[in-house]
Amino acid sequence: MKHLLNAWQVKFLLAVMLFGFSFLPITAQTSNPKGLYKLTEVVHQDGKHVEANFRQYKLGLDSLALMFSYQPRIWDHQPISFTISSNKAMVYTGELSKTENKGVQIFDVTDSTFTLRWFNDMSAFNEHLFPYQTNSDELYVQVRDSSDAIQRALNLLQMKLGAKTHLLQGAWKLRGTQPDNNAASQYWIEKSPQDIYYIFGSHEFVSFYANARFPKGSMECVFTPCTYLSDNAFELYDQTCIVHWFNRDAISITNIDGTGHPIVTVWDRCGLPQNIQKTFGTDTPVMTKDISRFYADGFKEKYGVQPDSICKAFETFDYCVDANERNNAIFPVLMRNGFEAEYKAMKDSLLSRLMQGKINVEEAVGRYAFWFYKNFDHHTRINSEFFWKLKKEVDVDYPTLIPKYAPEPVGCKVDKDTYLLRLPSCMGDVPTWDWLEKKEQEFKLSGCKYLILDLRGNGGGDDMYSTLFTAFMCDGSGKKDLPSYYRNGMENYWHLKDYCKGNGNYHDQVKEEAFRTEEGSLINWFTYKKRTDPYIPLVRQGAIIIDNWTGSAAETPIQMVRNFSLSHAKVYGRERTNGSDQTGNYNTVRLPYTNITLDFPMTVDEEFEKTCLERSPGYKPDVIIPLPYPKQLTDNIDEWVLWVAKKMKK
């Protein structure tokens, strides 16, 4: 492995990738100067006025003064490399003699200016500007121009970042380099030997080496304007830098060195070092998360030297766990409802067996996701052969129980006053919306007072399809509020942004709140309010037939009739439904080094808070059908439908 940052790389990063501050004017002429002041000229003891060949500022604080200094830039668009050093506090000393007094004096203080006199007894280092063995006066004026570069740099150091316009805004600490230049991986990082920080504002940027001795020791900084090109790109000093988001608090930045080669560095969102916060009067949380597992040295220290296959398996499993914990909507609900210890034991056991070579990575991620699938939610799953084998342990095998299990769309009368709608899918293809609308009109003209909605085998899709006929058996307004929450994770945020493309999307407000809210939080996605949306029933009695393959959007009708129907609907079946209705809007990520994908829900209903304790996903039927399974379920009127049609009239 190569070294973390060569000297030229560090120089490049600081030169290419690279802080306003305001104070009330001082009105009392005997006050100590407070605030940021800029050197305008130097006046010699003999009265000669000289312009300094450098830029210098003084920041007057309560107990000390800081000096900002840099050399003039050749071009305005160049970054400013400046040094911050400290002096004793700027204390007003009164008008003094120009010839008899030595040391440092502060006088001629007004509401916007002051003069600093000092005696050069150090050396003849610059006879033109500061003659040796004599006093020189430095004239300062308070900075009130918000566009002043040092004023803007100081704003960032004080964490005055402006209105939030980009996800990058804030402070970041260099974790290290990605030796393989894989911008999408935060593993095997070579740790940075120096603490380097970036601070992004609304349209400017500061970088600096952290000095533990600051303010007693000086600090080197770079300031430059920053242009955000997109969520994933920004421009500094005519260089475009590419951002990859691992999560809201960890990124990689890719930029090109002077020889045309990429450099990938990994950064963590953080607060500034305590000595800097204390100096500039800020209070931002410092980084406390454990990132040891991402370091190459940390991995070797814990697991020893491992073959490449084990290293890749570790990354795949850890990536799966990290993505799920940060984005799965049910995860925080489970953790606060007593499942944390069991979850941790399961996860640690799988990782241990994986690292010992007792299981392969497909089994490790499959068993990990299956713990969620089996006990809580069928939207959490892994797309792999091993997972599908585990899935068969809990799913009913209807093709074995029913010789011809192939439900097809049906809309017809069962008898003179009972109508059957069999809906095998809500995906919009079988059946189509046009077909469903035609059956709606047919039902309304049929004169039927009984309605059976058969949802066996329906794995879900769009609620619009499943709730059209459900509304006909509802008889009032909502009995209770039904809130649903969105999990604010980075993978979910990208998915939500794509979902909200276009004008007037209802969930734009969720996207905007997600932008402002910390990662991991649950944000209201939508709430069905109680005592709203009153329904008038079109039937005397309605029935919904379910089975274990009834899932997601096909489970919505059950929730709907149990909230909007007092006496006009019951649910019939043998087994619970699939168990994916109280979560929704599933997202998918691909796991590294494999073709395996992880699915998880982005949203979760408030009801899940209670039902997760049962560890049995899905809805129970209201009425158990006592008959054997039918021999055929296609486009026919089977024995279960006939039994329900008779039962619902009693």
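Scroll up for the structure.
This write-up is about the structure you can find in this document. (Residues numbered from 1 in each chain as written. Predicted model: local features only at pLDDT ≥ 70, side-chain atom pairs only at ≥ 80, totals over all residues. Heavy atoms only, no water.)

Section: the overall build of the protein chain
(1) Moving on: For the protein chain, the count of helices and strands is 17 helices and 31 strands.
(2) Moving on: Relative to its length of 650 residues, the protein chain is extended, with a C-alpha radius of gyration of 34 Å against a globular reference of 26 Å.
(3) Moving on: Seen through its C-alpha atoms, the protein chain measures out along the principal axes to roughly 115 × 60 × 40 Å.
(4) Moving on: When burial is assessed residue by residue, the protein chain has 55% of its 650 residues classed as buried.
(5) Moving on: When the accessible surface of the protein chain is split by element, carbon and sulfur atoms take 50% of a total near 29500 Å². (Helix = DSSP H or I, 4+ residues; strand = E, 2+ residues; numbered from the N terminus. Rg over C-alpha atoms; globule rule 2.2 N^0.38 Å. Buried < 20%, exposed > 50% of the residue type's maximum accessible area, 1.4 Å probe, protein only. Areas by Shrake-Rupley, 256 points an atom, 1.4 Å probe, with all protein chains shown as cover.)

Here we look at the sheet that holds strand 22 (residues 418-422)
(1) Moving on: The six strands are arranged 21-22-23-26-27-30 in an open sheet whose pairing can be described as mixed. In this open sheet, the two edge strands, each paired with only one partner strand, are strand 21 (410-415) and strand 30 (623-624).
(2) Moving on: Note that strand 27 (residues 569-573) and strand 30 share two bridges and pair parallel. Residue pairing in the sheet places Tyr572 in a bridge with Val623 of strand 30.
(3) Moving on: Along the sheet, helix 12 (residues 463-470) contacts strand 22 and strand 23 (450-454); its crossing angle with strand 23, the most-contacted strand, is approximately 160 degrees. (Pairing = 2+ DSSP bridges. Contact = heavy atoms within 4.5 Å. Axes fitted to C-alpha atoms, helices over the stretch in contact; angles between N-to-C directions.)

As for the pattern of salt bridges
(1) Moving on: Taken as a whole, this structure holds 35 salt bridges when the rule is applied.
(2) Moving on: Among the salt bridges present, the one from Asp498 reaches Lys501, with a minimum N-O distance of 3.4 Å.
(3) Moving on: One continuous salt-bridge network, built from bridges that share partners, spans Arg293, Asp318, Asp322, Arg326 and Glu519. (Salt bridge = Lys/Arg side-chain N within 4 Å of Asp/Glu carboxyl O.)

Notes on helix 7 (residues 340-355)
Think of an α-helix as 3.6 residues a turn; residues three or four steps apart then line up on the same face.
(1) Moving on: The terminal C-alpha atoms of helix 7 lie 22 Å apart, and with 16 residues this matches the ideal 22 Å at 1.5 Å per residue to within 8%.
(2) Moving on: All of the buried residues along helix 7 are Tyr343, Met346, Lys347, Leu350, Leu351, Leu354 and Met355. Seen along its axis, helix 7 keeps its buried residues to an arc of 155 degrees; they face one direction.
(3) Moving on: On its buried side, helix 7 packs onto helix 4 (296-303), helix 5 (308-327), helix 6 (331-335) and helix 8 (361-375).
(4) Moving on: Positive phi shows up at Gly357, right after helix 7, with a value of about 75 degrees. (Expected span 1.5 Å × (residues − 1). Arc of directions from axis to C-beta.)

A few points about unusual backbone geometry
(1) Moving on: Cis geometry is found at the peptide bond from Phe214 to Pro215, where omega equals 10 degrees.
(2) Moving on: By secondary structure assignment, the location of Pro215 is in the loop between strand 12 (204-209) and strand 13 (219-225).
(3) Moving on: The omega torsion across Val430 and Pro431 is 5 degrees, close enough to zero to call that bond cis.
(4) Moving on: Tracing the backbone through its elements, the reader meets Pro431 in the loop between strand 22 and helix 11 (433-446).
(5) Moving on: The phi torsion at Tyr237 lies on the positive side, around 50 degrees, for a residue other than glycine.
(6) Moving on: Here Tyr237 shows up in the loop between strand 15 (233-236) and strand 16 (239-247).
(7) Moving on: Owing to a relative accessible area of 28%, Tyr237 belongs among the partly exposed residues under this scheme.

Section: the packing of helix 7 against helix 8
(1) Moving on: Two elements in contact, helix 7 and helix 8, have axes separated by 9 Å at closest approach and are oriented at 170 degrees. The orientation of helix 7 with respect to helix 8, classified from their angle, is roughly antiparallel. On helix 8, the residues touching Glu342, Tyr343, Met346, Leu350, Arg353 and Leu354 of helix 7 are Val361, Glu363, Ala364, Arg367, Tyr368, Trp371 and Phe372.
(2) Moving on: Taken together, the residues that form the contact of helix 7 with helix 8 break down as nine nonpolar, no polar and four charged. (Parallel < 35°, antiparallel > 145°, perpendicular 65-115°, else oblique. Nonpolar A, V, L, I, M, F, W, Y, C, P; charged D, E, K, R; others polar.)

Points about the environment of Glu491
(1) Moving on: On the secondary structure map, Glu491 appears in helix 13 (residues 490-499).
(2) Moving on: The spacing of Glu491 and Val50 is 441 residues in sequence and 58 Å in space, taken between C-alpha atoms.
(3) Moving on: Those residues in contact with Glu491 that lie beyond four places of it in its chain are Tyr319, Asn327, Asn587, Val589 and Phe600.

Observations concerning the side chain of His507
(1) Moving on: Structurally, His507 is set in the loop between helix 13 and helix 14 (508-516).
(2) Moving on: On the basis of relative accessible area, His507 is assigned to the buried category, the value being 9%.
(3) Moving on: Apart from residues lying up to four places away in sequence, His507 is in contact with Leu496, Tyr499, Cys500 and Trp525.

Some details on a nonpolar patch on the surface
(1) Moving on: On the surface, Tyr506, Phe526 and Tyr528 cluster together into a nonpolar patch covering about 290 Å² of accessible area.
(2) Moving on: Tracing the backbone shows Tyr528 in strand 25 (residues 522-528). (Patch = residues over 30% accessible without salt bridge, like charges linked within 9 Å, V, L, I, M, F, W, Y side chains within 5 Å.)

Here's the deal with the nonpolar core
(1) Moving on: Phe317, Leu334, Tyr343, Tyr368 and Ile382 are the most contacted members of the largest nonpolar core, which totals 54 residues.
(2) Moving on: At the level of elements, helix 5, helix 6, helix 7, helix 8, helix 9 (385-391) and strand 29 (597-605) are the ones that each hand at least two residues to this core.
(3) Moving on: The element contributing the most residues to this core is helix 8, with nine residues.
(4) Moving on: Filtering out sequence-adjacent residues up to four positions away, Ile382 remains in contact with Cys320, Val365, Gly366, Ala369, Phe387, Trp388, Leu591, Ile596, Thr597 and Leu598. (Core = buried A, V, L, I, M, F, W, Y, C linked by side-chain atoms within 4.5 Å.)

A look at the packing of aromatic side chains
(1) Moving on: Following the criterion strictly, the structure yields 48 aromatic pairs and no others.
(2) Moving on: Ring plane angle 90 degrees and centroid distance 6.4 Å describe the contact between Tyr187 and Phe314, whose orientation is recorded as edge-to-face. Highlighted residues: Tyr187 in the loop between strand 9 (170-177) and strand 10 (190-191) and Phe314 in helix 5, separated in sequence by 127 residues. Here Tyr187 matches Phe314 in class, with each residue buried.
(3) Moving on: Every member of this aromatic cluster is reached through a ring pair, and the members are Phe317, Phe331, Phe339, Tyr343, Tyr368, Trp371, Phe372 and Phe376.
(4) Moving on: Between the NZ or CZ atom of Lys164 and the centre of the ring of Phe515, over which it lies, the distance is 5.0 Å. (Phe/Tyr/Trp six-rings, centres within 6.5 Å; stacked < 30°, edge-to-face > 60°. Lys NZ or Arg CZ within 6 Å of the ring centre and 35° of its normal.)

With respect to the packing of helix 5 against helix 7
(1) Moving on: Direction vectors running N to C along helix 5 and helix 7 enclose 165 degrees, while the axes themselves pass 10 Å from each other. With respect to each other, helix 5 and helix 7 are oriented roughly antiparallel. The handedness of the crossing between helix 5 and helix 7 comes out as right-handed. Taken together, the residues of helix 7 that come into contact with helix 5 (itself represented by Ile310, Ala313, Phe314, Phe317, Val321 and Glu325) are Tyr343, Lys347, Leu350, Leu351, Leu354 and Met355. (Left-handed = near helix turned anticlockwise from the far one by under 90°.)

Brief notes about the pairing of strand 15
Every regular strand shows the same layout, with side chains that alternate between the two sheet faces.
(1) Moving on: Sheet topology places strand 14 (residues 227-230) next to strand 15; three bridges connect them, and they run antiparallel. The residue bridging Tyr228 from the neighbouring strand is Phe234, located in strand 15.
(2) Moving on: Connecting strand 14 to the antiparallel partner strand 15 that follows it, the hairpin turn spans two residues.
(3) Moving on: Counting the residues between successive antiparallel strands, the hairpin from strand 15 to strand 16 contains two residues, one of them, Tyr237, with a positive phi of roughly 50 degrees.

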